[in-house]
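Tertiary structure, described
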Amino acid sequence: MKKKTVRSSQFGSISRRSFAAGLLGIGVSAMLPSTGAAQGAAGSAAAQRIADHFSSVKTMMGEFVQFGPRGEQTGVKFFIERPGKLRFNFEDPSPVRVIADGKNVVIGNMKLKTWDLYPLSKTPLSLLLADRIDLSHEMVRGVREEPDLTTIVLGNKTVFGDSTITMMFDSKTFELRQWTITDAQNKDTSVMIYNVKNGVGFDDRVFRIPYDEVRKL
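Here is a short report on the structure shown in this document. All values reported here derive from a predicted model rather than from experimental measurement.

Let us now look at the environment of Phe67. Take Phe67: it is sitting in strand E2 (residues 59-67). A C-alpha to C-alpha distance of 8.4 Å links Phe67 and Met192, two positions 125 residues apart in sequence. Those residues within four positions of Phe67 in sequence are excluded, and the remaining contacts are Glu72, Gln73, Asp188, Thr189, Ser190 and Met192.

Written out as structure tokens, the structure reads:
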């Protein structure tokens, strides 16, 4: 199969519109005031504990509402199977579908019949869909632990480019509640998650990329 060559920055611009991976106007300092914020080794250890719990969930489905930087809202149904598999079905009128099959990621426009293909290993999804999410290599920018929510800010140019990802987890159950992608222009795309079900069995077709259609382009 012939693969398209795509720069990571190009993927980043698409991901902020279509994943919002995503995957995540406010800055890190605004999200994490210095008072009460865990930093350094302690903060990284707390973040890794939550990441380990999150990555222990091997299958998951649910819905989320995506809020764009201009106030636009989009509903999405999502399906995840570790390692490496994901599907986003954007609700009408959006024609977008996102599918990761463990090797590649495609973003499809069902109306225009167009597909963009990327190696999974070259996208931030490779981290979030791994068997174990590894937050080492100075990836954790900050952690704030509160009674109801634990907020983790991730940033790593190799993985996320110039963007940061802010993830909010329930402090008691460690379930992911919300994430925000902040791009290099300080614009946010936020996602709120609901109707989540874990331990779901999926048909193989859910994560099947239509390579025949992709090759025609």
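Further notes follow.
Both E2 and strand E3 (residues 73-81) contribute to a ladder of nine bridges, which runs antiparallel. Bridged to Gln66 within E3 is Thr74. In this sheet, strand E12 (residues 188-198) lies alongside E2 in antiparallel orientation, the contact comprising seven bridges. What sits directly across from Phe64, in E12, is Ile193.

So, on to the pattern of salt bridges. Where side chains of opposite charge bring their charged atoms close, a pairing between them can arise. Inspection of the entire model under this criterion finds eight salt bridges. Taking the shortest distance from any N to any O, the salt bridge between Asp52 and Arg132 comes out at 3.2 Å. Of the two residues, Asp52 sits in helix H3 (residues 40-56) while Arg132 sits in the loop between helix H4 (125-128) and strand E8 (140-145), which places them 80 residues apart along the sequence. According to the relative accessible area criterion, Asp52 is partly exposed, its value standing at 29%. On the basis of relative accessible area, Arg132 is assigned to the partly exposed category, the value being 46%. Between Glu72 and Arg70 there is a salt bridge whose closest N-O contact spans 3.7 Å.

Now for the environment of Lys58. Here Lys58 shows up in the loop between H3 and E2. Once residues lying within four places of it in the same chain are set aside, the contact partners of Lys58 are Ile80, Glu81, Arg82 and Asp131. A polar side-chain atom of Lys58 sits 3.2 Å from the main-chain carbonyl oxygen of Asp131.

Okay, the packing of aromatic side chains next. According to the stated counting rule, one finds six aromatic pairs in the structure shown. Ring centres 5.6 Å apart and planes at 65° place the aromatic pair Phe64 and Trp179 in the edge-to-face group. Of this pair, Phe64 sits in strand E2 while Trp179 sits in strand E11 (residues 176-182), placing them 115 residues apart in sequence. Of the two residues examined, Phe64 and Trp179, each falls in the buried class. Relative to Phe207, the ring of Phe202 lies with its centre 5.4 Å away and its plane at 85°, an arrangement referred to as edge-to-face. Cluster of aromatic residues (ring-pair linked, three or more members): Phe64, Phe78, Phe88 and Trp179. Lying over the aromatic face of Phe54, Arg82 brings its terminal NZ or CZ to 5.0 Å of the ring centre.

A few words now on unusual backbone geometry. A cis amide bond links Arg82 to the next residue, Pro83, at an omega of -5°. Here Pro83 is to be found in the loop between E3 and strand E4 (85-90). Note that the residue after Asp92, namely Pro93, is joined by a cis bond; omega there is 10°. When you line up the elements, Pro93 lands in the loop between E4 and strand E5 (96-101). Residue Phe174 is not a glycine yet carries a positive backbone phi of 65°. Counting through the fold element by element, Phe174 comes out in the loop between strand E10 (164-170) and E11. Although it is not a glycine, Asn195 sits at a positive phi angle of roughly 55°. Here Asn195 lies in strand E12.

Calculation rules
Residues numbered from 1 in each chain as written. Predicted model: local features only at pLDDT ≥ 70, side-chain atom pairs only at ≥ 80, totals over all residues. Heavy atoms only, no water. Helix = DSSP H or I, 4+ residues; strand = E, 2+ residues; numbered from the N terminus. Contact = heavy atoms within 4.5 Å. Pairing = 2+ DSSP bridges. Salt bridge = Lys/Arg side-chain N within 4 Å of Asp/Glu carboxyl O. Buried < 20%, exposed > 50% of the residue type's maximum accessible area, 1.4 Å probe, protein only. Polar contact = N/O pair within 3.5 Å; in protein donor to acceptor, adjacent residues only side chain to side chain. Phe/Tyr/Trp six-rings, centres within 6.5 Å; stacked < 30°, edge-to-face > 60°. Lys NZ or Arg CZ within 6 Å of the ring centre and 35° of its normal.

Coordinates in, geometry out; function isn't part of it.
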